[in-house]
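Residues per chain, in single letters:
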Amino acid sequence: MARYTYLNRERFAGKRILDVGSGTGVSMLSFFKEPLTNLPEHITMSDYSDDLCDFLRNNTPKQESIGVDIQRIDWTQKDTYEHLKNQRIDFITGTDVVYKGCPYNDLAQMIDFVHKNNPQLEVLIMLPSERPNGAEFIQTMKDLGFEFSKTELTGLNFQAFKSDKESKNMYPGLTQLVFYMYSYKKPAP
Ligand SMILES: C[S@@+](CC[C@H](N)C(=O)[O-])C[C@H]1O[C@@H](n2cnc3c(N)ncnc32)[C@H](O)[C@@H]1O
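For the structure given in this document, a descriptive report is provided here. Residue positions are given per chain, counting from 1 as you read along its sequence in written order. Totals for whole chains, interfaces and linings use every residue, but because this is a predicted model, local features are given only for residues with pLDDT of at least 70 and side-chain atom pairs only at 80 or more, for both listing and counting.

## Structural notes on the overall build of the protein chain
Rule in force here: Numbering of helices and strands runs from the N terminus, with a helix taken as a DSSP run of H or I at least four residues long and a strand as a DSSP run of E at least two residues long. As a reference, a globule follows 2.2 Å times the number of residues to the power 0.38, and the radius of gyration itself is taken over C-alpha atoms. Burial is judged by counting other C-beta atoms within 10 Å of a residue's own C-beta: 20 or more means buried, 12 or fewer means exposed, and anything between counts as partly exposed, with every C-beta placed from the backbone.
Looking only at helices and strands, one finds five helices and seven strands in the protein chain. Listing each helix as α and each strand as β along the protein chain from the N terminus yields α-β-β-α-β-β-α-β-α-β-α-β. Taken over C-alpha atoms, the radius of gyration comes to 16 Å for the protein chain, in line with the 16 Å a tight globule of 189 residues would show. Taking the principal axes of its C-alpha atoms as reference, the protein chain extends roughly 50 × 40 × 35 Å. Across the 189 residues that make up the protein chain, the buried fraction comes to 29%.

## So, the nonpolar core
Rules: Here a nonpolar core is just a set of buried residues of the types Ala, Val, Leu, Ile, Met, Phe, Trp, Tyr and Cys, joined wherever their C-beta atoms sit within 7 Å. Contacts are defined on C-beta atoms placed from the backbone: any two residues whose C-beta positions lie within 7 Å are in contact.
Ile92, Leu107, Val123 and Ile125 are the most contacted members of the largest nonpolar core, which totals 41 residues. Where this core is concerned, the elements lending two or more residues are strand 1 (16-20), strand 2 (42-47), strand 3 (67-72), strand 4 (91-95), helix 3 (104-117), strand 5 (122-128), helix 4 (134-143) and strand 7 (179-185). Once you skip the residues sitting within four places of it in the chain, Ile92 turns out to touch Leu18, Val20, Ile111, Val114, Leu121 and Val123.

## Let's talk about the site of the ligand
As a reminder of what qualifies: All residues are tested the same way: a C-beta atom is placed from the backbone, and lying within 6 Å of a molecule or strand makes the residue near it. In this count, Pro and Cys sit with the nonpolar residues alongside Ala, Val, Leu, Ile, Met, Phe, Trp and Tyr, while Asp, Glu, Lys and Arg are called charged and the others, Gly among them, polar.
Contacts to the ligand come from 19 residues, most closely from Gly21, Gly23, Tyr48, Thr95 and Asp96. Looking at the shell around the ligand residue by residue, the class counts come to eight nonpolar, eight polar and three charged.

## A closer look at the pairing of strand 7
Put simply, the rule is: When DSSP locates at least two bridges between a pair of strands, those strands are taken to pair.
Pairing between strand 5 and strand 7: six bridges, direction antiparallel. Within strand 7, the position partnered with Ile125 by the bridge is Tyr182. Sheet topology note: the strand 6 (residues 147-152)/strand 7 ladder contains six bridges and is antiparallel. For Glu147, the partnering residue across the bridge sits in strand 7 and is Lys185.

## Quick look at the packing of helix 3 against helix 4
Heads up, the condition is: For helices, the fitted axis covers only the stretch in contact; all axes are lines through C-alpha atoms, and the angles between them, taken along N-to-C directions, range from 0 to 180 degrees. The labels follow the angle: roughly parallel below 35 degrees, roughly antiparallel above 145, roughly perpendicular from 65 to 115, and oblique for the rest. Whether a crossing is left-handed or right-handed is set by the direction in which the near helix is turned from the far one by less than a right angle, anticlockwise for left-handed and clockwise for right-handed.
Where helix 3 contacts helix 4, the axes come no closer than 9 Å and their chain directions differ by 30 degrees. Regarding the angle of helix 3 to helix 4, the classification is roughly parallel. Crossing of helix 3 over helix 4 shows right-handed handedness. Along its contact with helix 3, which presents Tyr104, Asn105 and Ala108, the element helix 4 presents Phe137, Thr140 and Met141. Here the residues of the contact of helix 3 with helix 4 sort into four nonpolar, two polar and no charged.

## With respect to the sheet that holds strand 4
Overall, mixed pairing links the seven strands, which are arranged 3-2-1-4-5-7-6 in an open sheet. One side of each edge strand has no neighbouring strand; the edge strands of this open sheet are strand 3 and strand 6. With strand direction ignored, the average angle separating the axes of adjacent strands in the sheet is 20 degrees. Bridge count between strand 1 and strand 2: four bridges; the pairing is parallel. Along strand 2, the bridge assignment pairs Asp19 with Met45. The strands that helix 2 (residues 50-59) touches are strand 2 and strand 3; relative to strand 3, the one it contacts most, it runs at about 165 degrees.

## Quick word on the pairing of strand 1
Extensive coverage of strand 1 is indicated by the burial of four of its five residues. Sheet analysis places strand 1 next to strand 4, joined by four bridges and oriented parallel. Pairing of Leu18 across the sheet is with Ile92, part of strand 4.

## Describing the environment of Ile138
Inspection of the secondary structure puts Ile138 in helix 4. A sequence separation of 19 residues divides Ile138 from Pro119, and the C-alpha atoms of the two residues are 19 Å apart.

Pasting the structure below:
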């Protein structure tokens, strides 16, 4: 996601982004990196873990040109995201947030809730190939009325390691995966 946002910076210029399941916040880091042009207007990073929210508060770089806030949002608890109905959100981003055991159907419901107030909302979810439950999440999003396009993230720009050997030492299997960016939108009624 960090590489995708870096390479597609102009798409996010002046936009308001809600990043879900932010973890350590790596996905949004490219917006804090030179060149500081085409910046979003605002980024909310979120996670359900209090510890990760504290980590994000303490470690997110200061960037005066972008409004940044950290929110504890749990997809399974509507009261943690109900306030979003009053906010303009142009993009929801999620990296590695659909996996076995995580409540991805609740994530889909949360996304649908945000969409109600933001009909232009675009949702970018990065999924690796062979991810169990990926198909179920896609089906849930379709059932909610979202259409999607899928882009394979290939080429040197998305290559984390120079060789299979390097990958084997640091992250076995990573170079065997193909990563896809799913872009979800609802057609205008
Ligand atoms: C595999 S990590 C990905 C973290 C980050 N997006 C990244 O790519 O480095 C999944 C993240 O989803 C968060 N998560 C899991 N269940 C959640 C829930 N119910 N509500 C919000 N976040 C959740 C976890 O705390 C974790 O940070």
